[in-house]
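Architecture and fold: a report
So the chains spell out like this:
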Amino acid sequence: MIYKKIFKRIIDFILALTALLILSPILIACMIILLLTGEREVFYFQKRIGKKNRPFYIWKFATMLKNSPNIGTGTITTRNDPRVLPFGGFLRKTKINELPQIFNVLLGSMSVVGPRPLVEKHFEMYSDKVKEKIADLTPGITGIGSIVFRDEEKILSQGGDPKEIYKEKVAPYKGALELWYQKNLSFSVDVKIMILTFWAILFPKSELHYKWFKNLPTKPDYLT
């Protein structure tokens, strides 16, 4: 409990401030490129559900057409989605588009590691048990769900209605993973998740997380 409320926040602030200083050249370069390309939008602020199930705005680099939520599959992004801008595709593939969430961490609305915050319509697909449990935690830039669903766009592009695939397949397992994290939360688990996040970026097909966390919920068939 002390780790959740005090130590975790201190670590988050130190890590976020350090990351901001180290990654500022990359952040500035991306901002300049975005200002000169696409729709010349730098940041994208999207309402997500956070701690205590309260909404907040998440920071991201703009990677898609501004009107994307009202086009095609809405808040669900599929593989080779035509709404993704050219430079945005690179940012999404490398996960650099998530780096502005460093500001969310500094402001306290997010943690470095935690349940991944969802838009309201996807959050409502969770069971009441999941919604109740993760309400006690600050959402994270990364988490066990982010690692397992490293290539969520591919899953949603395997045929059928992406919205139904998310509701019937993705949401239930994501919920189970978040319950696992809530139950196993500790400093060592957070450190392992941070390491696994970088590993997943370098080796997207790796399943090292199932070896490090042998008690993870059973992997569904569609992830094999």
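These lines cover the structure that appears in this document, whether it is placed above or below. Please read these numbers as outputs of a predicted model, since none were measured by experiment.

This part takes up a nonpolar patch on the surface. Taken together, the side chains of Phe13, Leu17, Leu21 and Ile22 make up a nonpolar region of the molecular surface, amounting to roughly 410 Å² of accessible area. Turning to its location among the elements, Ile22 is positioned in helix H1 (residues 2-36).

For the structure shown, the criterion picks out 11 aromatic pairs. Ring geometry for Phe7 against Phe187: centres 5.7 Å apart, planes inclined by 45°, an arrangement best described as tilted. Here Phe187 lies in helix H9 (residues 187-202) and Phe7 lies in helix H1, a separation of 180 residues in the sequence. Judged by centre distance (6.0 Å) and plane angle (75°), the rings of Phe123 and Tyr126 are edge-to-face. A residue is classified by how much of its surface remains accessible, and Tyr126, at 6% relative accessible area, is buried. Through a chain of ring-to-ring contacts, three or more aromatic side chains come together here, namely Phe43, Phe45, Trp59, Phe61 and Phe103. The positively charged end of Lys174 is found above the aromatic ring belonging to Phe149, 5.7 Å away from the centroid. We note Lys219 situated over the ring of Tyr210; from NZ or CZ to the ring centre the distance is 5.3 Å.

Taking 1.5 Å of rise per residue, 23 residues should cover 33 Å, and helix H8 (residues 162-184) covers 31 Å from first to last C-alpha, within 8% of that figure. Along its length, H8 shows its largest kink, about 40°, at Val170, and proline Pro172 lies within four residues downstream of that point. For H8, the N-terminal capping position is held by Asp161, with its side-chain oxygen 3.0 Å away from the main-chain nitrogen of Lys163.

Moving on, we get to the pattern of salt bridges. Counted according to the given criterion, the structure contains 11 salt bridges. Salt-bridge contacts for Lys52 lead to Asp136; the nearest nitrogen and oxygen are separated by 3.8 Å. In this pair, Lys52 is assigned in the loop between strand E1 (43-49) and strand E2 (55-61) and Asp136 in the loop between helix H5 (128-134) and strand E4 (140-142), connecting sequence segments 84 residues apart. In this structure Lys52 comes out as partly exposed when scored by relative accessible area, which is 45%. On the basis of relative accessibility, which here comes to 43%, the residue Asp136 falls in the partly exposed class. A salt bridge links Arg92 to Glu153, with the shortest nitrogen-to-oxygen separation between them at 3.0 Å. Of this pair, Arg92 sits in helix H2 (residues 86-94) while Glu153 sits in helix H7 (residues 152-155); the two residues are 61 residues apart in sequence, bridging distant segments of the chain. Members of the salt-bridge network, linked through shared partners, are Lys60, Glu98 and Arg116.

Conventions used here
- Residues numbered from 1 in each chain as written.
- Predicted model: local features only at pLDDT ≥ 70, side-chain atom pairs only at ≥ 80, totals over all residues.
- Heavy atoms only, no water.
- Patch = residues over 30% accessible without salt bridge, like charges linked within 9 Å, V, L, I, M, F, W, Y side chains within 5 Å.
- Areas by Shrake-Rupley, 256 points an atom, 1.4 Å probe, with all protein chains shown as cover.
- Salt bridge = Lys/Arg side-chain N within 4 Å of Asp/Glu carboxyl O.
- Helix = DSSP H or I, 4+ residues; strand = E, 2+ residues; numbered from the N terminus.
- Phe/Tyr/Trp six-rings, centres within 6.5 Å; stacked < 30°, edge-to-face > 60°.
- Buried < 20%, exposed > 50% of the residue type's maximum accessible area, 1.4 Å probe, protein only.
- Lys NZ or Arg CZ within 6 Å of the ring centre and 35° of its normal.
- Expected span 1.5 Å × (residues − 1).
- Bend = angle between axes of the 7 residues up to and from the residue.
- Polar contact = N/O pair within 3.5 Å; in protein donor to acceptor, adjacent residues only side chain to side chain.

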